[in-house]
Every structure is written in structure tokens, then in C-alpha cells.
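A structural walkthrough
Read off the chains here:
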Amino acid sequence: EVQLVESGGGLVQPGGSLRLSCVASGFTFSDYAMSWTRQAPGKGPEWVSDIDSSGDITTYADSVNGRFTVSRDNAKNTMYLQMHSLTLEDTAVYSCSKDVSSGATKECDYWGKGTQVTVNS
């Protein structure tokens, strides 16, 4: 059974940082690209970032480029999202997802339940 479990969310002040983790199980993690998406209150899902299976190729939404960094440790079956310079607009539930391919296609077949990130002074 594929499982994706996010952690690391919380309450942070504007300008602060957080690191999210996504632990995967039930499939060969190193064979698949992975993605982060987020959903803010009252809004639809927004793709944030993805990383290919090897971790060599990463892409970001314009809204987070230069502030967020995605990475992965295939030995630990874990993907990370390091977030800096957080703003109120980053408040959302952040979820990780498994791509259907080793390269990031943005077509995902499994999602985690998400972790809440709240940016508030």
C-alpha cells in the first residue's frame, strides 16, 4: 500500500522558515518523481514544486522560486521542502504526491493528507 506522510508544518511568523518532510512507503521511492502542492483556504490546489527521481532536476512555481528548495534522500525514502522568507500568502495545507514517472510530469497517482503551514504574526 502506497503511503505518503507529511510533517513539519506549523505556525511561523512572516519572514520565517520551515522545513517540510514527506516520508514514502509502499513503492520504490527512487524510481519516481515527486511533487509538492498546496491549498490555501477557499482556493484550489496550487502546484509548488517537483523533483525527478534522482533529485537532479527540480522545478518551482513562480510564487515560490528563490524562496523554497525541494530535495530528496532516496536512502531514507523522504522528500523535503525547505521554505524561507515565508509570507501570509504561503499559508496553506502542503501535500506531497507521487508522480507516475521518474521524470516530473505533474501527473500524480497518490497524495498524502498534508501538513498545515500557517504564516501569521
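Whatever comes next refers back to the structure up there.
Residues numbered from 1 in each chain as written. Predicted model: local features only at pLDDT ≥ 70, side-chain atom pairs only at ≥ 80, totals over all residues. Heavy atoms only, no water.

Re the nonpolar core
Note the following rule: For our purposes a nonpolar core is just a set of buried Ala, Val, Leu, Ile, Met, Phe, Trp, Tyr and Cys residues, chained together by side-chain atoms within 4.5 Å. Remark: exposure states derive from per-residue accessible area (1.4 Å probe, protein chains only) relative to the maximum for the residue type, with buried under 20%, exposed over 50%, and partly exposed in between. Helix and strand definitions here come from DSSP, where helices need a minimum of 4 consecutive H or I residues and strands a minimum of 2 consecutive E residues; each element is numbered from the N-terminal end.
Membership of the largest hydrophobic core comes to 28 residues, with the highest contact counts inside it found for Met34, Trp36, Phe68, Met79, Leu81, Met83 and Tyr94. Listed by contribution, the elements that provide at least two residues to this core are strand 3 (18–25), strand 4 (34–39), strand 5 (45–51), strand 7 (68–73), strand 8 (78–83), strand 9 (92–99) and strand 11 (115–119). For this core, the element with the highest residue contribution is strand 3, accounting for four residues.

Here we look at the state of the cysteines
Going by this rule: Cysteine sulfur atoms are paired as a disulfide whenever they come within 2.5 Å of each other.
By the definition in use, this model includes one disulfide. Cysteine 22 shares a disulfide with cysteine 96; S-S distance 2.0 Å. Note on the cysteine 22 and cysteine 96 pair: the S-S dihedral is about 65°, so by sign convention the disulfide is right-handed. Placement of cysteine 22 in strand 3 and of cysteine 96 in strand 9 is noted, with a sequence separation of 74 residues between them. In this structure, cysteine 22 and cysteine 96 share a single accessibility class: buried.

Comments concerning the sheet that holds strand 8
Defined as follows: At least two DSSP bridges between two strands are required for those strands to pair. A fitted line through C-alpha atoms serves as each axis, taken over the contacting stretch for helices, and the angle formed by two N-to-C directions is quoted from 0 to 180°.
Strand order in the open sheet formed by four strands is 1-3-8-7, and the pairing between neighbours is antiparallel. The sheet is open, and its two borders are formed by strand 1 (3–7) and strand 7, each paired with just one other strand. Here the strands of the sheet are splayed against their neighbours by 15° on average, with no regard to which way each runs.

Some words on the packing of aromatic side chains
In plain terms, the rule: Two rings belonging to Phe, Tyr or Trp (six-membered ring only in the last case) form a pair when the distance between their centres is within 6.5 Å. Interplanar angles under 30 degrees mark stacking, angles over 60 mark edge-to-face geometry, and anything in between is tilted. The criterion for a charge sitting over a ring is simple: Lys NZ or Arg CZ within 6 Å of the ring centre, and within 35 degrees of the ring normal.
Under the defined criterion, the tally for this structure stands at two aromatic pairs. Ring centres of phenylalanine 27 and tyrosine 32 lie 5.9 Å apart, and the angle between their planes is 70°; on these two criteria the pair is classed as edge-to-face. Look at tyrosine 32 and you get partly exposed, because its relative accessible area is 25%. Three or more aromatic residues joined by ring pairs make a cluster, and in this case those are Phe27, Phe29 and Tyr32. Lying across the ring of phenylalanine 29, arginine 72 places its NZ or CZ 4.2 Å from the centre. Sitting above the plane of the tyrosine 32 ring, lysine 98 keeps its charged end 3.8 Å from the centroid.

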